[in-house]
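So the chains spell out like this:
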Amino acid sequence: MSTTQNEKCKSKRFTWSKPMSYMLLEILAEEALKGNKPSSTFRSKSFIKVATKISQKFNVQCEPKHVDNHLKTVKNEWGIITKLKNKSGFGWDDCLKMITVSKDVYDEEVKV
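Structure report, in brief. (Residues numbered from 1 in each chain as written. Predicted model: local features only at pLDDT ≥ 70, side-chain atom pairs only at ≥ 80, totals over all residues. Heavy atoms only, no water.)

## Observations concerning the nonpolar core
Inclusion rule: To form a nonpolar core, buried Ala, Val, Leu, Ile, Met, Phe, Trp, Tyr and Cys residues must be joined to one another through side-chain atoms within 4.5 Å. Exposure categories follow from relative accessible area, calculated using a 1.4 Å probe and restricted to protein chains: below 20% of the type maximum is buried, above 50% is exposed, and the middle band is partly exposed. Secondary structure is summarised from DSSP: a helix means a run of H or I of at least four residues, a strand means a run of E of at least two, and numbering begins at the N terminus for each. Only heavy atoms matter for contacts: two residues are in contact if any of them lie within 4.5 Å across the pair.
Counting residues in each nonpolar core, the largest one holds 15 residues, and the members touching the most others are Trp-16, Leu-24, Leu-28, Val-50, Ile-54, Cys-62 and Val-67. Looking at this core, the elements that each hand over two or more residues are helix H2 (18-33), helix H3 (44-58) and helix H4 (64-85). For this core, the element with the most residues is H2, which contributes five residues. Once residues within four sequence positions are removed from consideration, Trp-16 is found in contact with Ser-21, Leu-24, Ile-54, Cys-62, His-66, Val-67 and His-70.

Structure representation (structure tokens):
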């Protein structure tokens, strides 16, 4: 693989830091309050706004498709957390922001 092909492959991957993720969620929450989420998804201008602000603040090349993909990841992770929180024997530690479960309940869940 030549260097330019390798660079092209690298450029398709965008790595999100926690501060970037927080910024994404804060901006999209504001956008939703402004009515820029008329259905189950945001308007494209909201993704452009997030990408622009993240690019400026963190000195990276964030594109609207990165925002859309990361939002899908966040939604998927939240779905898993919600599902686990609602299972018998599982809880939520609000200070640590994580699922809690006893070893016995965990071991039984992993068998399934």
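Back to the write-up after that little detour.
## Remarks on the packing of aromatic side chains
This is how it is decided: Pairing of aromatic side chains requires ring centres within 6.5 Å, counting the rings of Phe and Tyr and the six-membered ring of Trp. Pairs whose planes differ by under 30 degrees are stacked, by over 60 edge-to-face, and all others tilted. We call a charge positioned above a ring when the Lys NZ or Arg CZ atom is no farther than 6 Å from the ring centre and deviates by at most 35 degrees from the ring normal.
In this structure the tally under the stated criterion is two aromatic pairs. Ring centres of Phe-14 and Trp-16 lie 5.2 Å apart, and the angle between their planes is 70°; on these two criteria the pair is classed as edge-to-face. Comparing Phe-14 with Trp-16 shows no difference in burial state: the two are buried. Seen in terms of ring centroids, Phe-42 and Phe-47 are 6.3 Å apart; in terms of plane orientation they differ by 55°. Their pairing is tilted. The exposure class assigned to Phe-42 is buried, which follows from its relative accessible area of 12%. Here the basic side chain of Lys-37 rests over the ring of Phe-42, its NZ or CZ set 5.7 Å away from the ring centre. Seen from the ring of Trp-92, Lys-85 lies directly overhead, with NZ or CZ sitting 5.3 Å from the centre.

## Overview of the side chain of Ser-46
Mapped onto the elements of the fold, Ser-46 is located in helix H3. Residue Ser-46 is classed as buried on the basis of its relative accessible area of 0%. Residues within four places of Ser-46 in sequence aside, it is in contact with Leu-28, Glu-31 and Asn-36.

## Describing the pattern of salt bridges
Heads up, the rule is: Salt bridges, as used here, are contacts in which a Lys or Arg side-chain nitrogen is within 4 Å of a carboxyl oxygen on Asp or Glu.
For the coordinates displayed, the defined rule picks out eight salt bridges. The shortest N-O distance in the salt bridge between Asp-107 and Lys-103 comes to 2.8 Å. You can see Asp-107 and its partner Lys-103 sitting in helix H5 (residues 103-111), four residues apart, about one turn around the helix. Take Asp-107: its relative accessible area is 30%, and that puts it in the partly exposed class. Between Glu-108 and Lys-111 there is a salt bridge, with its nearest N and O atoms 3.9 Å apart. Of the two residues, Glu-108 and Lys-111 are both situated in helix H5; the distance of three residues between them amounts to about one turn of the helix.

## Looking at unusual backbone geometry
You will see that Asn-59, though not glycine, has its phi angle at about 55°, which is positive. Relative to the elements of secondary structure, Asn-59 occurs in the loop between H3 and H4. Despite not being glycine, Lys-97 has its phi angle at roughly 55°, a positive value. Looking at where Lys-97 falls in the secondary structure, it is placed in the loop between strand E1 (90-93) and strand E2 (98-101).

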